[in-house]
Amino acid sequence: MPKLYEYLGIIIYFWSNEHEPIHVHGEYQGKESKAELFIEDGKVSGIRFGKVKGYKPLDGNEFKDFEIFVRSYADEIVRKWIDYFILHKKVSFERI
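**Some points on the nonpolar core**
One broad trend across soluble globular proteins is that nonpolar side chains are buried collectively.
Part 1 of the argument: Membership of the largest hydrophobic core comes to 22 residues, with the highest contact counts inside it found for Ile12, Val24, Leu37, Phe66 and Val70.
Part 2 of the argument: When contributions to this core are tallied by element, the ones reaching two or more residues are strand S1 (3–7), strand S2 (10–13), strand S3 (22–28), strand S4 (31–40), strand S5 (43–51) and helix H1 (60–86).

Now the structure itself:
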């Protein structure tokens, strides 16, 4: 499970055996949500936030912070997805 970022206590990561669409998980104190990134003509065209089966979703400020982060770092998340899942490169962890 490659951890990508920590932002205001929220851990943002991929599962090692992920599937498309490109997405990340955000976890904070046992709660978890995900963000799916949709690509059109090589650019992020939309982001859909949702629940992760079996987990209570992020709520309140944590959900807002996760949403702000993913919207701000969407292009970088896509690059890390390509590096990890397509090019099989190690991705670095960043504390923001």
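**A few points about the pattern of salt bridges**
Part 1 of the argument: One pass over the structure, following the stated rule, counts six salt bridges.
Part 2 of the argument: Measuring nitrogen to oxygen at the nearest pair gives 3.2 Å for the salt bridge that ties glutamate 94 to lysine 80. Placement of glutamate 94 in strand S6 (residues 94–95) and of lysine 80 in helix H1 is noted, with a sequence separation of 14 residues between them.
Part 3 of the argument: With a relative accessible area of 26%, glutamate 94 lands in the partly exposed category.
Part 4 of the argument: Each of the salt bridges in this network shares a partner with another, and the network as a whole consists of Lys34, Glu36 and Arg48.

**A few points about the side chain of histidine 25**
Part 1 of the argument: Tracing the sequence through the fold places histidine 25 in strand S3.
Part 2 of the argument: At 2.8 Å, the side chain of histidine 25 forms a polar contact with the side chain of glutamate 32.
Part 3 of the argument: What histidine 25 contacts, discounting residues up to four positions off in sequence, is Ile11, Ile12, Tyr13, Trp15, Glu18, Glu32, Ser33, Lys34, Val52 and Phe66.

**A few points about the environment of histidine 23**
Part 1 of the argument: Relative to the elements of secondary structure, histidine 23 occurs in strand S3.
Part 2 of the argument: Classification of histidine 23 by relative accessible area gives buried; the value is 2%.
Part 3 of the argument: Each C-alpha atom, one on histidine 23 and one on leucine 37, is 5.7 Å from the other, the two residues being 14 residues apart in sequence.
Part 4 of the argument: A distance of 2.7 Å separates the side chain of histidine 23 from the backbone oxygen of proline 21, its partner in a polar contact.

**Section: the sheet that holds S2**
Pairing between the strands of a sheet comes from backbone hydrogen bonds, and it takes one of two forms, parallel or antiparallel.
Part 1 of the argument: In spatial order, the strands read S5-S4-S3-S2-S1-S6; together these six strands make up an open sheet with mixed pairing. Two strands bound the open sheet, and with one partner strand each, they are S5 and S6.
Part 2 of the argument: Sheet topology note: the S3/S4 ladder contains seven bridges and is antiparallel. Bridge pairing in S4 places histidine 23 opposite glutamate 36.

**Quick look at the pairing of S5**
Each regular strand displays side chains that alternate between the two surfaces of the sheet.
Part 1 of the argument: For S4 and S5, the ladder comprises eight bridges, and the chain directions are antiparallel. Bridge pairing in S5 places lysine 34 opposite glycine 50.
Part 2 of the argument: Two successive antiparallel strands, S4 and S5, enclose a turn made up of two residues, where aspartate 41 displays a positive phi of approximately 55°.

Reading the values: rules and limits
Residues numbered from 1 in each chain as written. Predicted model: local features only at pLDDT ≥ 70, side-chain atom pairs only at ≥ 80, totals over all residues. Heavy atoms only, no water. Core = buried A, V, L, I, M, F, W, Y, C linked by side-chain atoms within 4.5 Å. Buried < 20%, exposed > 50% of the residue type's maximum accessible area, 1.4 Å probe, protein only. Helix = DSSP H or I, 4+ residues; strand = E, 2+ residues; numbered from the N terminus. Salt bridge = Lys/Arg side-chain N within 4 Å of Asp/Glu carboxyl O. Polar contact = N/O pair within 3.5 Å; in protein donor to acceptor, adjacent residues only side chain to side chain. Contact = heavy atoms within 4.5 Å. Pairing = 2+ DSSP bridges.

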